[in-house]
Each structure stands twice: as structure tokens, then as C-alpha cells.
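Coordinate inspection notes
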Amino acid sequence: MTIETSPEPGLPDTAVTDAQPTETLIATGGEWWRSAVIYQIYPRSFADDDGDGIGDLVGITKRLDALAELGVDAIWLSPFMTSPQHDAGYDVADYCDVDPLFGTLADFDAMLEKAHALGIRLIVDLVPNHTSWDHAWFQEALAAPEGSPERDRYMFRDGKGPNGDEMPNNWESVFGGPMWERTTNPDGTPGQWYLHIFDKSQPDLNWENPWVREQFHGILRFWLDRGVDGFRVDVAHGLIKEAGLPDYTPPEDAGSMGGGAADALVGLEPGIDADADADPATPPYWAQDGVHEIYRGWHAVLEEYDGERVLCAEAWVEPLTKLARWVRPDEMQQAFNFTYLSAGWSAPELRAVIDGSIAAFATVGAPSTWVLSNHDVVRHASRLALTAENLQGAGIGPNSPGLPDTAVGLRRARAATAVMLALPGSAYIYQGEELGLPEDIYLPDEARQDPTWFRTNHEKYGRDGCRVPIPWEAGAPTYGFGPADGAASWLPQPADWDVYARSAQQGVAGSTLELYKLALRLRAAHALGTGTLEWLGGYGPEVVAFRNGDVTVIANTGSTPVELPVERSADDVLLATEPLTEAALPADTAVWLRS
Ligand code: NOJ
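Report follows, based on the coordinates. Model, not experiment: these values are computed from the prediction.

1. Considering the sheet that holds strand β16 (residues 551-556)
- Spatially, 5 strands are ordered β14-β15-β16-β20-β18 in an open sheet, and the strand pairing comes out antiparallel. With one partner strand each, in any of the chains shown, β14 (533-535) and β18 (573-576) form the two edges of the open sheet. In this sheet, adjacent strand axes meet at a mean angle of 20° when their direction is disregarded.
- Running over the sheet, helix α14 (residues 512-525) touches β18 and β20 (589-594) and is turned about 140° from β18.

If you want it as C-alpha cells, here you go:
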């Protein structure tokens, strides 16, 4: 495929934007995941075909062409398995079936077939740390006596104190409140307690139990047999707890994922420090050595299958050198780089985390991944312009301090994305960021659904603001998320989102959608994902400048324009996130130049 540069910076050549499945059919070999761009679909909020206000698999299938046109290599689907939805599907009641809310296994097969026909690989979310309390295993455990094999599938413990009415230890749930819930015996008397790192509807499994391990090998095979290309592994650092479950009080400046000071930045599971060398104490429920044996077993299961199936760890572990243990050659292929996500819009921070990431993952022969947004963090089009500290997972709402300026946020987000997509390694995109969607700050309180909102007595807004259904058609009811005569979307959409709708950006020079398409097209054409990064000096402290192959990337994170190389001609500009003046790169702008 020939790539032509845009007539104007940021304007795509529409002649080559159409999906071309015959050129992109899934290739074998080459370890595709090392450089892949993977698009996260949050099924509840992507496309609603049946009109019930919640997205579904048929909706996804019908919209896959738009993702092929965008130019992604793979999609990762957040959970769509049977679930009472107390944590939006991260509370699974049957790992081997589709929740009726989202469709059927036949709908899943049809979706997978279409994705593969378009050359798009498909990764599903696997939630092994905990099940739903509705899962048959947990119901059986509750019905079984203390000390039974059924109870041993979970983390049941006696309470402390004379009547066992004190919690077994002092651990606090990631969503707020205690990490323990007391059961009631069949005769109505108070019983044992069970551990739940997250909501009480999500009891933790006991991964020391071989029976549990065996079940998950079966679950992996169930989806591999259906043809999936891999798994995103939820809470991949939580499965094993320190023996004896000792009390633990996180440091003042650390969040529940156990890390250092920079936890504050983004969200759900604070614990990430942009300082790649910081090595905080390991909390007894995170990053225990025993988890690695589990993933070596999973690696072996994936090897039984042809093609290149992958595991990607959601592991909020720092420093990066420690996270690299999850991607040793016999474990997972990828791990989300949350240290990168947690970096501020600051050139020194970005340089440090990029260097630290490439170096740390290289020690085990793994590619770095890059990610700026997902369903657990404030969207980067808002986060990068926050002027006050914001705890990860706390979200933002009308009363949050330091609320972002929307225009500044979008401008920074576009530039940050241009940096990310030029880096060697694999990049993750979260649905809606290609439209420049900001966080929905003004969701009505009564619409909020995140357990964090409830478990913190409304102290933390939680993650609903990044989960609002995405807009497809300007002017249409639910912006085309659902059918015209369908129900309102499960989270209400803001009234001013016409401007973000895909239809309003499609083919429009300089739109965020066209910027993403151009970046992905150029990234593929210049093989940036498999390239090598070489830093360029001489641009000043607020500039990130590097060369990757024949592309030079310059990003100005500062507030004053920066001079560009003088010998540049208009043809040398492959992409610019804002219009360029004569010889200067404006504030909060990134450019890709032909080297
Ligand atoms: C991480 C997931 O990304 C998040 O959405 C979920 O609430 C927790 N794990 C618990 O499964």
C-alpha cells in the first residue's frame, strides 16, 4: 500500500483510508503483538444493536468496519461473560458463556469471524482473581461446611475476637471499605468471612488450590478453541496473597495497589510512580512471586494452539523492572505500561518513562507497551489538563478541584497520542479516544454506577465518566449508539457531544479521528512499531524529540513555541497535531517529520 502525505498537516489522504481487508488478512509469524495497535472495546458502551440502552456483540460486529478503517491490528473486549454486572462485568458468574445482555455465543462467533475476515485479531478479558458471588462455585462454597473443599476454592477465614466478629485482618478494598465480608450460616448465625480485594460481590479465588488452576486451564481452552487470539488478564498481580495474610497499612502517599507517591495521579489502583527506579514495599496482596508459576502454566496452554496467541497482564506493579517479570519469555507476552499512563504532560517525565520502559522490558526480550486511557482512568483528553492531584479511580466530577480546560486537554491529548503512536512497541487505544472524547464530568449523581461511588459514600466519583457510550452519528438519538427508537443509553451522554461524533469527524481535515487514522497509517508504513528510538537533543527541556527509523518526532509540552529544523520543507511534515506556523512548533503540539 502506498502512503502519501497529507496535503495539509493532519489531513489524511482519503484515497487510502478505506478498509482494505484483503491486504490486512491475519498473517502468521512475526510475533504480531510486539508492534500491534490494540483497540479496547468496552462492550456496554460501544454500540447497542438491540436498543436496550446497553451495547452488545451484534452492535460491535456491525461497527467493525469502522475499526478496520481506523487501522487497528487487534481489539480487546472488556468482559461480556455471564454476570450480574455489579462491577460492569468484572464479576463473572460463568466464564464460558455470554451474558444475555450482550448476546449469545453464536453472536460471539460471528463477531470473531468478521474481525478475522477484516484482519483484526481479538483478545478477550479474563478475570481470574475473583468470581461473581453468583458463580456456582461460590454458591456451593457458601452452602458447604467450613473446611470443605468447596470453601477452599475461595479465601474464607474465621474472624478474630471471642465471637469471630472482627475481620481476619485490616486490609482495605480497592473500591473502599474493608476487604472482608462476613457470611451467614444456614441456621442464621454469623459465619466465616471471605476476602474480596474489590467489591463484596467479587470474592477472591484461592489460587493455592490446584482445582482452581485446573478450572482456568479449561476456561482458557474454551476460548482458544473458539479462535480467540489471546487474553487480557485482569488483576494479574493479585492472585496469590502472602502466607498468613498479615496486616498491612499502605503508606500515606500510596494507594491500594501498593506503590509510591505518584499513585495520586490517575486512579483506581494507585501504585504507580513515574520514577522507574522506585521500589516500594510489596503489599501482601499484590505482586507475590507465586503468581508467575500460574502464568507459566497458561503460557504452556497457549502454546498448544497454532497461530500466535497472547497474554497481556493488567498488573499495577512498580517499578518497571519488577513488572518485566510478568513478560519473561515463558510467561505473558505483554503487560500494560501504567507507569507510562501515569506520567504527566511533561517532557522530562516522558523521556524518563520511555527510556525506563524500553530498558526494563528489553532485559527480558519483551516489547514495551504504551497506553494513555482505559475504562478505569480519567480519559487522557481531560487528565492531561487537570491542575490538581487526582487519585487513580477517584474520577472527576463537578466538585473535583483543578478541573481541566477542555480545549487544552484535547490539544495535549492529540500531541500525547502522536508521541505514543510513534514509539516502538505495542500501543493500546481506548474506544472514543480517537474521537477526542473528554471525561464526562457532569454525569448526574443518580446515574453513577461504579461501586467506588457507593463504597466511598460518594466521596470518590469513580470511573463512570470514562465509560459513557460513544457517539457515532451527530444529531441522532443517543448519537447513533443505539437505534433511533431504542432506549436511552445506560449512562446518559452529554448534550454537547455532536461535535465528537464519528460522522462529524469523518473526512474532516484536522479532526481527531483523521489524525488517528493518519498516525496509524504512517506508523504501519514506516514500521514504527518495530523500530528503534534514538533521542535527539538541542530542543530545550520541554521538548520530547526522537527519531524512529526515517521519522523524526518532536513534541512541545511547554507553553511557548519551539523552533523547528530550518531546512524542513512542507513535504517533510508527515503529521502535525495542530496547524504549524512558519518555523515554530506551537505549545502542546507534536509533529512527525520525514528524517
Ligand atoms: C481491573 C478492571 O480493569 C476494573 O475495571 C475492575 O473493576 C477490577 N479489575 C476488578 O476486576
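From this point, the discussion proceeds with the structure in view.
2. Topic: the packing of aromatic side chains
- Counting across every chain of the model gives 31 aromatic pairs.
- A centroid spacing of 4.9 Å and a plane angle of 70° characterise the contact between Phe108 and Trp223, whose relative ring orientation is edge-to-face. Of the two residues, Phe108 is situated in helix α3 (residues 105-117) and Trp223 in helix α5 (residues 210-226); the sequence distance between them amounts to 115 residues. An identical accessibility class is assigned to Phe108 and Trp223; each is buried.
- Ring pairing ties together the aromatic residues Tyr95, Trp137, Trp207, Trp211, Phe216, Tyr295 and Trp298, which thus form one cluster.
- Between the NZ or CZ atom of Arg44 and the centre of the ring of Trp490, over which it lies, the distance is 4.1 Å.
- Here Arg448 stacks its cationic end above the ring of Trp453, 5.5 Å away from the centre of that ring.

3. Details of the site of the ligand
- Contacts to the ligand come from 13 residues, most closely from Asp87, Arg232, Asp234, His375 and Asp376.
- With respect to the ligand, the side chain of Asp87 contributes an N or O atom lying 2.6 Å from an oxygen atom.
- Within the side chain of Asp234, an N or O atom sits 2.7 Å from an oxygen atom of the ligand.
- Out of a free accessible area of 300 Å², the ligand has 100% covered by protein chains.
- The residue inventory of the shell around the ligand, partitioned by class, reads 4 nonpolar, 2 polar and 7 charged.

4. Focus on α5
- For α5, spanning 17 residues, the distance from its first C-alpha to its last is 25 Å, which sits close to the expected 24 Å at 1.5 Å a residue.
- Among the residues making up α5, those that are buried are Val212, Arg213, Phe216, Ile219, Leu220, Trp223 and Leu224. Summarising the axial view, the buried residues of α5 lie within an arc of 130°, below the 170-degree limit, and thus occupy one face. Residues Pro210, Glu214 and Asp225 are exposed on α5 and point more than 90 degrees away from its buried face.
- The residue sitting at the N-terminus of α5 and contributing the capping side-chain oxygen is Asn209; that oxygen lies 2.8 Å from the backbone nitrogen of Trp211.
- Just beyond α5, the residue with positive phi is Gly227, at close to 110°.

5. Structural notes on helix α6 (residues 291-303)
- For α6, built from 13 residues, the straight-helix expectation of 18 Å at 1.5 Å per residue is met to within 8% by its first-to-last C-alpha distance of 19 Å.
- Contacts made by the buried residues of α6 are with β5 (121-126), α5, β9 (230-233) and β10 (310-313).

6. Remarks on the sheet that holds strand β12 (residues 369-371)
- Here we have 8 strands laid out as an open sheet, ordered β11-β10-β9-β5-β2-β1-β13-β12, and parallel in their pairing. With partners counted over all chains shown, the strands left at the sheet margins are β11 (334-335) and β12, one partner each.
- Bridge analysis of β12 against strand β13 (residues 426-430) gives 3 bridges, and the strand direction is parallel. Residue pairing across strands places Trp370 opposite Ala427, the latter belonging to β13.
- Set on the sheet, α5 makes contact with β5 and β9; between it and β5 the angle comes to about 155°.
- The sheet contacts of α6 involve β5, β9 and β10, and relative to β10 the element is tilted by about 155°.

So, how was this worked out
Residues numbered from 1 in each chain as written. Predicted model: local features only at pLDDT ≥ 70, side-chain atom pairs only at ≥ 80, totals over all residues. Heavy atoms only, no water. Pairing = 2+ DSSP bridges. Helix = DSSP H or I, 4+ residues; strand = E, 2+ residues; numbered from the N terminus. Axes fitted to C-alpha atoms, helices over the stretch in contact; angles between N-to-C directions. Contact = heavy atoms within 4.5 Å. Phe/Tyr/Trp six-rings, centres within 6.5 Å; stacked < 30°, edge-to-face > 60°. Buried < 20%, exposed > 50% of the residue type's maximum accessible area, 1.4 Å probe, protein only. Lys NZ or Arg CZ within 6 Å of the ring centre and 35° of its normal. Near = heavy atom within 4 Å. Polar contact = N/O pair within 3.5 Å; in protein donor to acceptor, adjacent residues only side chain to side chain. Areas by Shrake-Rupley, 256 points an atom, 1.4 Å probe, with all protein chains shown as cover. Nonpolar A, V, L, I, M, F, W, Y, C, P; charged D, E, K, R; others polar. Expected span 1.5 Å × (residues − 1). Arc of directions from axis to C-beta.

Such coordinate-based values are descriptive only and should not be taken to indicate function.
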